[in-house]
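Observations on the model geometry
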Amino acid sequence: MERWKHVLIDPGESILETMKVIDKSTLQFAAVVDKKGYLLGTVTDGDIRRGILKGVSLDSAIKEVMNDSPIYET
């Protein structure tokens, strides 16, 4: 089962919409990918919370708060 596919989001997706994706997921994060499916970054609720504390709007693109240097294994 590929339950991770529902957490893939576009870098232009809003922070609010990304929060909804994370909330629905048991994985507790979202993966930001480009149109070819390449990983650009990851987002957790902590990344969003830190962005909000810095004054980033919920309507802003998720790329504003994503972790663009995630550590992952292939």
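Remember, predicted model here, so these are calculated numbers, not experimental data.

Concerning helix 2 (residues 45–53)
In an α-helix, one turn spans 3.6 residues; hence positions three or four apart end up facing the same way. Taken together, the buried positions of helix 2 are Gly46, Asp47, Ile48 and Gly51. Buried residues along helix 2 sit against helix 1 (15–24) and strand 3 (39–43). Immediately beyond the C-terminal end of helix 2, within one or two residues, lies Gly55, with a positive phi of roughly 100°.

Regarding a nonpolar patch on the surface
On the surface, a cluster of nonpolar side chains totalling about 290 Å² of accessible area is made up of Leu16, Met19, Ile52 and Leu58. Among the structural elements, Ile52 can be located in helix 2. Look at Ile52 and you get partly exposed, because its relative accessible area is 39%.

Section: the environment of Asp68
Its location among the elements puts Asp68 in the segment after helix 2. Given the relative accessible area of 56%, Asp68 is considered exposed. Separated by 56 residues in sequence, Asp68 and Gly12 place their C-alpha atoms 14 Å apart. Leaving out residues up to four positions away in the same chain, Asp68 has contacts with Leu40 and Gly41. Polar contacts involving the side chain of Asp68 include one to the side chain of Ser69, which spans 3.5 Å.

Considering the sheet that holds strand 2 (residues 30–33)
Taken in spatial order, the three strands line up as 1-2-3 in an open sheet, and their pairing is mixed. Every other strand in the sheet has two partners, leaving strand 1 (8–9) and strand 3 as the edge strands with one partner each. In terms of strand pairing, strand 2 meets strand 3 through four bridges, oriented antiparallel. Looking at the pairing, Ala31 lines up with Thr42 of strand 3.

Conventions used here
Residues numbered from 1 in each chain as written. Predicted model: local features only at pLDDT ≥ 70, side-chain atom pairs only at ≥ 80, totals over all residues. Heavy atoms only, no water. Buried < 20%, exposed > 50% of the residue type's maximum accessible area, 1.4 Å probe, protein only. Helix = DSSP H or I, 4+ residues; strand = E, 2+ residues; numbered from the N terminus. Contact = heavy atoms within 4.5 Å. Patch = residues over 30% accessible without salt bridge, like charges linked within 9 Å, V, L, I, M, F, W, Y side chains within 5 Å. Areas by Shrake-Rupley, 256 points an atom, 1.4 Å probe, with all protein chains shown as cover. Salt bridge = Lys/Arg side-chain N within 4 Å of Asp/Glu carboxyl O. Polar contact = N/O pair within 3.5 Å; in protein donor to acceptor, adjacent residues only side chain to side chain. Pairing = 2+ DSSP bridges.

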